Amino acid sequence: MPNDPNLERRMNRLENETVAIYDKIDDFRSETRTRFDEVLTRFDQVEARSDETQTRFDQVEARSDETQTRFDQVQARFDQVQARFDQVQARSDETQTRFDRIETTLGEVLQRLPEPT
């Protein structure tokens, strides 16, 4: 290689620029890795929060199911009480009908009795 000072200067500049480019590439890779790690960390946080939310929804759903079961039990009990009340009401109506017949019979008997003198 000839000893040309301009050429040597240019070669040094090219080498320096090459090193600078590689440094920039390394910086970019490092920054990209750092940002990628930050994004992964954020995704992990979001996933953890999503899991917590899903757990809460599952708990709410379980409580809702328990409440629905309890409501169904109360409704069944109410239906039993209503059926019993209907039986008592029917029995009361039968008794009232019997009393009405007895009253009618007594009224007829009283009409047949002679007037007290």
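Summary of the structure given here.

Rules of the game
- Residues numbered from 1 in each chain as written.
- Predicted model: local features only at pLDDT ≥ 70, side-chain atom pairs only at ≥ 80, totals over all residues.
- Heavy atoms only, no water.
- Helix = DSSP H or I, 4+ residues; strand = E, 2+ residues; numbered from the N terminus.
- Rg over C-alpha atoms; globule rule 2.2 N^0.38 Å.
- Buried < 20%, exposed > 50% of the residue type's maximum accessible area, 1.4 Å probe, protein only.
- Areas by Shrake-Rupley, 256 points an atom, 1.4 Å probe, with all protein chains shown as cover.
- Lys, Arg positive; Asp, Glu negative; His and termini not counted.
- Charge placed at Lys NZ, Arg CZ, Asp CG, Glu CD.
- Salt bridge = Lys/Arg side-chain N within 4 Å of Asp/Glu carboxyl O.
- Patch = residues over 30% accessible without salt bridge, like charges linked within 9 Å, V, L, I, M, F, W, Y side chains within 5 Å.

Summing up its helical and strand segments, the protein has one helix and zero strands in all. Relative to the 2.2 N^0.38 estimate, which gives 13 Å for 117 residues, the radius of gyration of the protein is 49 Å and therefore markedly larger than a compact globule would have. Its C-alpha atoms put the protein at 165 × 20 × 15 Å along the principal axes. For the protein, the residues scored as buried account for 0% of the 117 residues in total. When the accessible surface of the protein is split by element, carbon and sulfur atoms take 53% of a total near 11600 Å². Computed over 18 positive and 27 negative side-chain charges, the inter-centroid distance for the protein is 1 Å.

Evaluation of the coordinates by the stated rule reveals one salt bridge. Residues Glu31 and Arg35 are paired through a salt bridge, measuring 3.1 Å at the closest nitrogen-oxygen approach. Here Glu31 pairs with Arg35, and both are found in helix α1 (residues 5-112), just four residues apart, close to one helical turn. The class for Glu31 is partly exposed, based on a relative accessible area of 43%.

Before going further, it helps to examine a negative patch on the surface. A cluster of acidic residues, Asp44, Glu47, Asp51 and Glu52, forms a negative patch at the surface. Examined against the element boundaries, Asp51 turns out to sit in helix α1.

With that settled, consider a nonpolar patch on the surface. Where nonpolar side chains cluster on the molecular surface, the patch consists of Phe36, Val39, Leu40 and Phe43 and spans about 390 Å² of accessible area. Its place among the elements puts Val39 in helix α1. Of the residues examined, Val39 reaches a relative accessible area of 39% and is grouped as partly exposed.

The values are spatial; any link to function lies outside them.
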